[in-house]
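Commentary on secondary and tertiary structure
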Amino acid sequence: MPGDELTVETTRTSLDILATIRDRDGARLRDVVDEHGIAKSTAHKHLVTLERAGFLRKSGDTYHVGLKFLNYGEYAREQWYWFTAVKAAVEELAERTEEECDFVVDDHGRVITIVESYHKWVKYGNDEGSKRYRANMGTYYPMHATGSGLAILSTYSPDRVDDVLDKWGLPALTDHTITSRDRLDAELDRVSERGYSIGDQYYTEGLRSIGKPVCGPDGEAIGALSVSGPTYRIDGSVLEREIPRAISSVTESLEAELAETAPEQ
């Protein structure tokens, strides 16, 4: 990995252990030893250190991710300079569209939800056995499979898109997901021409999302707004006119506010 000469091995091991515990929805000491090929005593020291610091909690002989991360995550989110303005914009968009809305940013080649708003009338995936979708705060999504991710990718240079694909690829999540570079390039061209993206069941069957990049005062995308809902509702004039107009209007107002409140360099 580039830059490994600048990393501390013990810290990286702790971080890798945390990732293992998260991915497994909990792990025991033996799981950590087997997964990382380290001595039992070494694994135990990492686990105890993380638990005592609040980054892990222990239930029986199983370790889970601790609530300290919730405290850190909320702090990181609210310290983000544009948070207040973006939060208000997402809420306005949800009221105007009466659909699920969120704002995501690029974090190392994936998008992560940092603001969400669920309109009180929204109902999606309530049938028993159906796959539910909610833009949960702090959740990572592949950029090629979401409307907001495609919106951000459309602002990137080909080299930067290459960097994202080299790291994360183009995995298929549904039968509709974009899985080839040629198709992705064609889709990004359409997004640039249209000014907004349409994620048509790329992430979840039966779900459409419309995304639009939000640019800061320097013209660079700081993230993207998106509106999501079931295909039977996000269709026809709603898909072609109503939501694009609403998201464009909210984005324009948000970008104007960001320009007015930008910190002095």
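Residues numbered from 1 in each chain as written. Predicted model: local features only at pLDDT ≥ 70, side-chain atom pairs only at ≥ 80, totals over all residues. Heavy atoms only, no water.

1. Side note on the overall build of the protein chain
Assigned secondary structure in the protein chain consists of 9 helices and 9 strands. Excluding contacts between residues fewer than 6 apart, the proportion of contacts in the protein chain whose partners are at least 24 apart in sequence is 57%. If you sum the accessible surface of the protein chain, you get close to 14900 Å²; carbon and sulfur atoms cover 47% of it. (Helix = DSSP H or I, 4+ residues; strand = E, 2+ residues; numbered from the N terminus. Contact = heavy atoms within 4.5 Å. Areas by Shrake-Rupley, 256 points an atom, 1.4 Å probe, with all protein chains shown as cover.)

2. Quick look at the layout of surface pockets
Rolled over the atoms, a probe as big as a water molecule pinpoints where empty space is left. If you add up the space inside the largest pocket, you get close to 1300 Å³. Forming the walls of the largest pocket are 29 residues, and the residues nearest its centre are Arg22, Asp107, Ile112, Gly138 and Tyr140. For the lining of the largest pocket, the elements supplying multiple residues, two or more each, are α1 (9-23), β3 (62-65), α4 (68-79), β4 (100-107), β5 (110-117) and α7 (158-168). Looking at the lining of the largest pocket residue by residue, the classes come out as 15 nonpolar, 6 polar and 8 charged. (1 Å grid on protein atoms, 1.4 Å probe; cavity = no way out; pocket = protein on both sides within 12 Å on 5 of 7 lines; lining within 4 Å. Points joined across faces, edges and corners; volume = space filled by probe spheres on them. Nonpolar A, V, L, I, M, F, W, Y, C, P; charged D, E, K, R; others polar.)

3. Here we look at the packing of α7 against helix α8 (residues 181-194)
Interaxial distance between α7 and α8 falls to 13 Å at its minimum, and their mutual angle equals 135°. Comparing their axes, α8 and α7 come out oblique. Regarding α7 and α8, the two cross each other, and that crossing is right-handed. Facing α7, whose interface residues are Pro158, Val161, Asp162 and Leu165, α8 presents Arg181, Leu184 and Leu188. (Axes fitted to C-alpha atoms, helices over the stretch in contact; angles between N-to-C directions. Parallel < 35°, antiparallel > 145°, perpendicular 65-115°, else oblique. Left-handed = near helix turned anticlockwise from the far one by under 90°.)

4. Considering unusual backbone geometry
Phi is positive for Asp25, close to 55°, though the residue is something other than glycine. In this structure, Asp25 sits in the loop between α1 and β1 (27-28). Assessed through its relative accessible area of 65%, Asp25 is described here as exposed. (Buried < 20%, exposed > 50% of the residue type's maximum accessible area, 1.4 Å probe, protein only.)

5. What about the sheet that holds β3?
The antiparallel open sheet is built from 3 strands, whose spatial order is β1-β3-β2. Of all the strands in the sheet, just β1 and β2 (56-59) have a single pairing partner and so form its edges. In the sheet, β1 pairs with β3 via 2 bridges, with the strands oriented antiparallel. Its bridge partner lying in β3, Ala27 is registered against Tyr63. Against the sheet, α1 contacts β1, β2 and β3, and its axis sits at roughly 95° relative to β3. Contacts between helix α3 (residues 40-52) and the sheet are confined to β2 and β3, with β2 contributing the most and set at about 105° to the helix. (Pairing = 2+ DSSP bridges.)

6. Some remarks on the pairing of strand β9 (residues 221-230)
The element β9 is largely enclosed, with a buried count of 9 among its 10 residues. Direction of pairing for β4 relative to β9: antiparallel, over a ladder of 5 bridges. What sits directly across from Phe103, in β9, is Leu225. Taking the residues that link successive antiparallel strands as the turn, the strand β8 (residues 207-215)-β9 hairpin has 5 residues, and the phi of Gly219 there is positive, at about 90°.

7. Focus: the sheet that holds β4
Read from one edge to the other, the open sheet built from 6 strands follows the order β6-β5-β4-β9-β8-β7, with strand pairing classed as antiparallel. At either end of the open sheet lies a strand with only one pairing partner, and these are β6 (140-142) and β7 (197-200). Adjacent strand axes in the sheet meet at a mean angle of 35° when their direction is disregarded. Against the sheet, helix α9 (residues 236-260) touches β7, β8 and β9, its axis set at about 25° to β8.

8. Considerations on the packing of aromatic side chains
In total, this model carries 5 aromatic pairs according to the counting rule given. Measuring from ring centre to ring centre gives 5.4 Å for Phe55 and Tyr72, while their planes differ by 80°; the resulting arrangement is edge-to-face. On the criterion of sequence distance, the pair formed by Phe55 in the loop between α3 and β2 and Tyr72 in helix α4 is long-range, its members being 17 residues apart. Residue classification places Phe55 among the buried positions, given a relative accessible area of 18%. A residue is classified by how much of its surface remains accessible, and Tyr72, at 46% relative accessible area, is partly exposed. (Phe/Tyr/Trp six-rings, centres within 6.5 Å; stacked < 30°, edge-to-face > 60°.)

9. Section: the confidence of the model for the protein chain
Here the protein chain averages 90 in pLDDT, while 90% of its residues score no lower than 70. Contacts of residues 124-133 to residues separated by more than four positions or lying in other chains number 19 contacts, the stretch itself having pLDDT below 50. (pLDDT = per-residue confidence, 0-100.)

10. What to know about the environment of Leu207
Residue placement: Leu207 occurs in strand β8. Taking the C-alpha atoms as reference points, Leu207 and Ser228, separated by 21 residues in sequence, lie 7.0 Å from one another.

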